[in-house]
Amino acid sequence: MRPPLKPPIAYLLAYAATLAARHAEEELRPHDLTVRQFGLLMQLRLEPALTMSELARQLGVTRQSLHEMTAELERTGHLRRLPGMTGRTRRLELTPRTERAILYAQATLLESEPDFLSGLAPHEIETLRDLLRRALAGATDDESWLP
């Protein structure tokens, strides 16, 4: 009989991310946001001075995909494109409406965590959040993930 395999953390995170994304898409649908759009808005809220290249890199998308996402968010009134530091660059700014939308969407996701993570106790959910934040801060060399 073979010993049980120890699943690599990368596999566990990837599978958990797939399930979490499905769950989050359902929860964000009433807010007219996708998971990627929510992530983009959250990242801009945390780091408003990011360039388009930096934002694409942090979100793990191509610049073309980012331009498509920002165009849609601009069309729906969540973002404004403003002149950047040089004539060729642009910076993105959240609209006041978006600040409220992010808070409501974030509250929806936080409230649904106990259902999604039903096998975990509340203190274990907080431990998981802390561990993931530390792992992301280390993997991205970006301390904005830390509280």
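For clarity, every value in this text was computed on a predicted model and none was experimentally measured.

(A) Highlighting unusual backbone geometry. Although it is not a glycine, Asp32 sits at a positive phi angle of roughly 55 degrees. Within the fold, Asp32 resides in the loop between α1 (9-28) and α2 (35-46). Positive phi, close to 55 degrees, is recorded for Asp141, a residue that is not glycine. Along the chain, Asp141 turns up in the segment after α6 (122-140). Judged by relative accessible area, which is 74%, Asp141 ranks as exposed.

(B) Spatial organisation of the packing of helix α3 (residues 52-59) against helix α4 (residues 63-75). At a minimum axis distance of 9 Å, the contact between α3 and α4 shows a crossing angle of 100 degrees. Relative to α4, the element α3 is oriented roughly perpendicular. On α4, the residues that touch Met52, Ser53, Leu55, Ala56 and Leu59 of α3 are Arg63, Leu66, His67, Met69 and Thr70. For the contact of α3 with α4, a count of residues per class yields 6 nonpolar, 3 polar and 1 charged.

(C) A look at the side chain of Gln37. Along the chain, Gln37 falls in helix α2. For Gln37, a relative accessible area of 11% puts it in the buried group. Excluding residues that lie within four positions of it along the chain, Gln37 makes contacts with Asp32, Glu72 and Leu73.

About the cut-offs
- Residues numbered from 1 in each chain as written.
- Predicted model: local features only at pLDDT ≥ 70, side-chain atom pairs only at ≥ 80, totals over all residues.
- Heavy atoms only, no water.
- Helix = DSSP H or I, 4+ residues; strand = E, 2+ residues; numbered from the N terminus.
- Buried < 20%, exposed > 50% of the residue type's maximum accessible area, 1.4 Å probe, protein only.
- Axes fitted to C-alpha atoms, helices over the stretch in contact; angles between N-to-C directions.
- Parallel < 35°, antiparallel > 145°, perpendicular 65-115°, else oblique.
- Contact = heavy atoms within 4.5 Å.
- Nonpolar A, V, L, I, M, F, W, Y, C, P; charged D, E, K, R; others polar.

Geometric values such as these leave the question of function open.
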